[in-house]
Amino acid sequence: MRIATYNVNGVNGRLPNLLDWLEETRPDAVCLQELKAPDERFPAEAIGKAGYGAVWHGQKAWNGVAILARRCEPLEVRRGLPGDPEDLQSRYIEAAVGGVLVASLYAPNGNPQPGPKFEFKLAWYRRFEAHAADLLATGHPVVLAGDYNIMPTELDVYAPERWTEDALFHPKVREAYARLLAQGWTDALRTRFPGQRVYTFWKYLRNAYERDAGLRIDHLLLSPSVKLLDAGVDRAFRGREKASDHAAVWVEIEALTAAAKPGKTARKRSASP
DNA sequence: ATGCCTTATACAATAAGA
């Protein structure tokens, strides 16, 4: 099963790019971020014609997340991150697709730092950590995919020394990401490419893509019951006409059922007649 | 410190992005 995450930077403004990408890469599930459209303007019909069912959580002008499923309808199980009834920003949606619980998230940017936006980002991550821990405790196969707006390590920034005070690279947000990994989540792209520079975002400014001045801020975190087979970045689409400033990131996975887990269960079964 | 570019909103200029 292939699951991809793509910050489209305007789902209507970049609909032709999105449809091309869907047709050329055919993921089984897709997490979209930055729809920048209210619910009634989500292009459900065009996406349906491309072969994808969808659930979405839009908002006028900014934010907005969606989950698409190839040849089926995603079963929505949550919209909005729990823990703050006053948070009305559309940054989180969750759905079951093909036996996997998939979350599409768009974390706050947090700039300028310091300031209230940075504080909101830190509070949002505290809520996300709490919810991620609950999901992990279920033991279900879970994939948390989206634009985390965090470069986890120096390897994930083209020029780390210039980003130390930025809300995307501040020690406090890198610590939040490290705490997620400490819960037991696997950073799929980093696991697939240990020690290598792999970026998922390039600014529109100063020919950043051509210079490969990139950041790794889009991540897929896998729960222990998800087996990672492969991962990658659909980098070439970033160089196309009218492209998003992000590239899609994907994983090829296998969901492990409880019965297939190694350990006691398997030993018992092999011992029985 | 700011521009560099691009979006949505709404039709000029602003807010936001990262």
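All of these numbers come straight from a predicted model, not from anything done at the bench.

When you look at the protein's contact with DNA strand B in this model, what are you seeing that I'm missing?
Residues in contact with DNA strand B amount to 24 residues; listed here are only the nearest, Glu-34, Asn-109, Leu-168, Arg-206 and Leu-215. Close to the protein, within 4 Å, the atoms of DNA strand B are drawn from sugar and phosphate at a rate of 69%. Side-chain polar atom of Lys-242 to a phosphate oxygen of DNA strand B: 3.0 Å apart, as the coordinates give it. Classifying every residue of the surface near DNA strand B gives nine nonpolar, six polar and nine charged.

When you look at the pairing of strand E2 (residues 29-33) in this model, what are you seeing that I'm missing?
Remark: a regular strand shows side chains that alternate across the two faces of the sheet. Of all five residues in E2, five are buried, a share of seventy percent or more. By the alternation rule, side chains of E2 split into Ala-29, Cys-31 and Gln-33 and Val-30 and Leu-32, which are all buried. Across five bridges, strand E1 (residues 2-7) lies against E2 in parallel orientation. Looking across to E2, one finds that Ile-3 is bridged to Ala-29. As for the winding sense of the linkage, the β-α-β connection from E1 through helix H1 (residues 15-25) to E2 is right-handed. Where E2 meets strand E4 (residues 65-70), five bridges bridge the pair, whose relative direction is antiparallel. In the strand pairing of E4, Leu-32 is matched with Ala-66.

What am I meant to see in unusual backbone geometry here?
Generally, phi is negative for residues other than glycine and the peptide bonds are trans, each holding for most cases. Residue Asn-111 is joined to Pro-112 through a cis peptide bond whose omega torsion reads 0°. As for its placement among the helices and strands, Pro-112 is situated in the loop between strand E7 (100-106) and helix H3 (116-138). Unusually for a residue other than glycine, Glu-34 sits at a positive phi of about 55°. Although it is not a glycine, Asn-149 adopts a positive phi angle of roughly 50°.

Please clarify how the sheet that holds E4 should be interpreted in this entry.
Two orientations exist for strands paired in a sheet by backbone hydrogen bonds: parallel and antiparallel. One open sheet accounts for six strands, arranged E3-E4-E2-E1-E14-E13; its pairing is mixed. In this open sheet, the two strands that pair with only one neighbour each are strand E3 (52-57) and strand E13 (226-234). Each strand of the sheet is rotated relative to its neighbour by a mean of 15°, with strand direction disregarded. Sheet topology places E13 next to strand E14 (residues 248-255); eight bridges connect them, and they run antiparallel. Bridged to Leu-228 within E14 is Ile-253. The sheet strands contacting H1 are E1, E2, E3, E4, E13 and E14, and the helix crosses E1 at an angle near 160°.

Each value, and the rule that gives it
- Residues numbered from 1 in each chain as written.
- Chains lettered and ligands numbered in written order.
- Predicted model: local features only at pLDDT ≥ 70, side-chain atom pairs only at ≥ 80, totals over all residues.
- Heavy atoms only, no water.
- Near = heavy atom within 4 Å.
- Polar contact = N/O pair within 3.5 Å; in protein donor to acceptor, adjacent residues only side chain to side chain.
- Nonpolar A, V, L, I, M, F, W, Y, C, P; charged D, E, K, R; others polar.
- Buried < 20%, exposed > 50% of the residue type's maximum accessible area, 1.4 Å probe, protein only.
- Helix = DSSP H or I, 4+ residues; strand = E, 2+ residues; numbered from the N terminus.
- Pairing = 2+ DSSP bridges.
- Right-handed = clockwise from strand over helix to strand, strands pointing away.
- Axes fitted to C-alpha atoms, helices over the stretch in contact; angles between N-to-C directions.
- Contact = heavy atoms within 4.5 Å.

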